[in-house]
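Fold and contact review
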Amino acid sequence: MGQVSVARPKGTRDLLPDQTSRWRAAEEIAHRVFSSYGYGEIRTPALEATELFARSVGESTDIVHKEMFTFTDRGGRSLTLRPENTAGVVRAVIENGLAHGPMPLRLYYVGPQYRYERPQKGRYREFRQIGAEFFGASGPEADAELLAMLFDFLRALGFRNLSVSINAVPSAMQREGFSAAIREFSRGLHDRFGEDDRRRLEENPLRLFDSKDPETLRALEGAPGAIEFLDTASRAHHDEVLRLLAQLKIPFVENPRLVRGLDYYTRTVFEVTSSDLGAQDAILGGGRYDELVAELGGPHLPAVGFAIGEDRLVDVMPLATAGTARRIRVIPFGAEQAAYALKVAVAMRQAGTGAIVDLDVSGRGFKKALGTAAELGFQEAIIVGSAEVDAGTATVRNLLTREQRTVPLSELK
Ligand code: AMP
């Protein structure tokens, strides 16, 4: 039988070392900036009970309706690979008693998410998000502080010309009026809607604004905006968020069409776009979700958060992460010096210079190895022959200037 090669699942990626260095740089900056705001990292399972997402993200959303990786385990339980992380964080906050602990509670996460989407550039079935959730503060200062942190993070990644696109939506409980108004507006427009959008209109008219069908979006021009259906307190909250953003000099644009693809938002919803990115999708989205914790069986606990699409973020971030590290290759003259070369390489690494130290194990002979090291961009070589072995020394050669000097192992630096 011939060998069958197995390919990775559709919509997934292998991230190779020349890519992961950029990912790590973005994540390290996230850890640094978020920690400075008092956030602690949380890691939740990639698998959750399916019901968690039906109850939080919402039955009528595209995510729950057709994008979840759901299966029955051997014990007959329905499990789902998480399509987003907020629901899991909220579950963990309730399950571990944090919802009754000191407030406010600031948590962030970094991790893979799964959606059965049609793979296309920038959209994957396994993708990664960096997100933050701020629990226990209902005031507009919390929304503004979260956005300030987000901007600090994005600026540290080199983004400029950022702008928040912001809106406010009535909570799920207060959506009746808005839903009725959209149904009223859409009367007679049915023929312009595709099957999916007709279902949206039926189940949850707010979702129509998420439609990817340009014809639907055109038909909705002139439709009433969500903001018109806010109660007085929510309206005041929204106005104050905008005032605080202006005070913090965070550029924003009010976008009455923005509703975001998840059902749990209340009041503030936002996306961040950068003119550095052209007309592409937003790199992140977020909003306030004051009713979700209670909805999932916890106490009444207001919250606001965001999720950044890390794949896209890393693709477009201006931060230069090209390696500037000093790179050294240790080369034995012949096979007899291989063991000593290993010892030299270890000594060099332990010298704590931070240099990348590579040991030539090719056995191709010294001349060839020196040439290859220079071609591969090593700046220095440490050469060991029988004289060095006998004397307990090593010869350090600068591959650019070809200068070299012989030093005792204890003086390697
Ligand atoms: P959402 O969780 O839908 O609010 O999305 C937040 C961010 O995650 C989006 O702005 C995208 O950048 C990113 N995102 C969502 N779905 C995908 C996907 N299938 N592939 C890559 N990134 C995604």
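Refer to the structure printed above.
To start, this report covers the structure provided alongside it.

Before going further, it helps to spend a moment on the site of the ligand. Arg115, Glu117, Tyr124, Gln129 and Arg260 are the nearest of the 14 residues found near the ligand. Take Glu117: an N or O atom from its side chain is 2.6 Å from a nitrogen atom of the ligand. A distance of 3.5 Å is found between an oxygen atom of the ligand and a backbone nitrogen or oxygen belonging to Leu284. Those elements that place two or more of their residues in the shell around the ligand are strand E6 (126–135) and strand E11 (303–309). Residues of the shell around the ligand, tallied by class, amount to seven nonpolar, three polar and four charged.

Applying the stated criterion to the full structure yields 12 aromatic pairs. Ring centres of Phe34 and Tyr39 lie 6.5 Å apart, and the angle between their planes is 55 degrees; on these two criteria the pair is classed as tilted. Exposure class is identical for Phe34 and Tyr39. Each is buried. Linked through ring pairs, Phe34, Tyr39, Tyr108, Phe134, Phe153 and Phe306 together constitute an aromatic cluster. The ring centre of Tyr124 lies 4.2 Å from the NZ or CZ of Arg13, which sits over that ring. Positioned above the aromatic ring of Tyr116, the side-chain terminus of Arg125 is 3.8 Å from the ring centre.

Applying the stated rule across the entire model yields 29 salt bridges. For Asp62, the salt bridge identified is with Lys212, shortest N-O distance 3.5 Å. Here the residue Asp62 occupies a position in helix H3 (residues 62–66), and Lys212 occupies one in the loop between helix H7 (195–203) and helix H8 (214–219), the gap between them amounting to 150 residues. Residue classification places Lys212 among the exposed residues on the basis of a relative accessible area of 65%. With a closest N to O distance of 2.7 Å, Arg326 and Glu380 form a salt bridge. One end of the pair, Arg326, is in the loop between helix H11 (310–316) and strand E12 (327–332); the other, Glu380, is in strand E14 (residues 380–384), with 54 residues separating them in the sequence. Judged by relative accessible area, Arg326 falls into the partly exposed class, the value being 28%.

The next subject is the sheet that holds strand E2 (residues 47–49). The strands making up a sheet are joined through hydrogen bonds of the backbone, oriented either antiparallel or parallel. Here three strands make up an open sheet; going across it, the order is E2-E4-E3 and the pairing antiparallel. Each of the sheet's edge strands pairs with one partner strand only, and the pair in question is E2 and strand E3 (69–72). The average angle at which neighbouring strand axes cross in this sheet is 35 degrees, direction not considered.

A few words on unusual backbone geometry. Residue Pro104 follows Met103 across a cis peptide bond; omega there is 0 degrees. In this fold, Pro104 is placed in the loop between helix H4 (86–95) and strand E5 (105–114). Although it is not a glycine, Arg267 adopts a positive phi angle of roughly 60 degrees. Position of Arg267 among the secondary structure elements: in strand E9 (residues 267–274).

The terminal C-alpha atoms of helix H9 (residues 232–247) lie 23 Å apart, and with 16 residues this matches the ideal 22 Å at 1.5 Å per residue to within 8%. Those residues of H9 that sit buried are Ser234, His237, His238, Val241, Leu242, Leu244 and Leu245. Looking down the long axis of H9, one finds its buried residues gathered within 165 degrees of arc, a one-sided arrangement. Residues of H9 that are exposed and point over 90 degrees away from its buried face: Thr232 and Gln247. Each element contacted by the buried residues of H9 is listed here: helix H5 (140–156), strand E7 (162–169), strand E8 (252–254), E9 and strand E10 (284–288). The distance from a side-chain oxygen at the start of H9 to the backbone nitrogen of Ala233 is 3.2 Å, and the residue carrying that oxygen is Asp231. Just downstream of H9 lies Lys249, where phi reads positive at about 60 degrees.

At their nearest, the axes of helix H1 (residues 17–36) and H5 sit 10 Å apart, and the two run at 145 degrees to each other. The hand of the H1/H5 crossing is right-handed. Taking contact as the criterion, the partners of Ala26, Ile29, Ala30, Arg32, Val33 and Phe34 in H1 are, on H5, Met149, Asp152, Phe153 and Ala156.

About the criteria used
- Residues numbered from 1 in each chain as written.
- Predicted model: local features only at pLDDT ≥ 70, side-chain atom pairs only at ≥ 80, totals over all residues.
- Heavy atoms only, no water.
- Near = heavy atom within 4 Å.
- Polar contact = N/O pair within 3.5 Å; in protein donor to acceptor, adjacent residues only side chain to side chain.
- Helix = DSSP H or I, 4+ residues; strand = E, 2+ residues; numbered from the N terminus.
- Nonpolar A, V, L, I, M, F, W, Y, C, P; charged D, E, K, R; others polar.
- Phe/Tyr/Trp six-rings, centres within 6.5 Å; stacked < 30°, edge-to-face > 60°.
- Buried < 20%, exposed > 50% of the residue type's maximum accessible area, 1.4 Å probe, protein only.
- Lys NZ or Arg CZ within 6 Å of the ring centre and 35° of its normal.
- Salt bridge = Lys/Arg side-chain N within 4 Å of Asp/Glu carboxyl O.
- Pairing = 2+ DSSP bridges.
- Axes fitted to C-alpha atoms, helices over the stretch in contact; angles between N-to-C directions.
- Expected span 1.5 Å × (residues − 1).
- Arc of directions from axis to C-beta.
- Contact = heavy atoms within 4.5 Å.
- Left-handed = near helix turned anticlockwise from the far one by under 90°.

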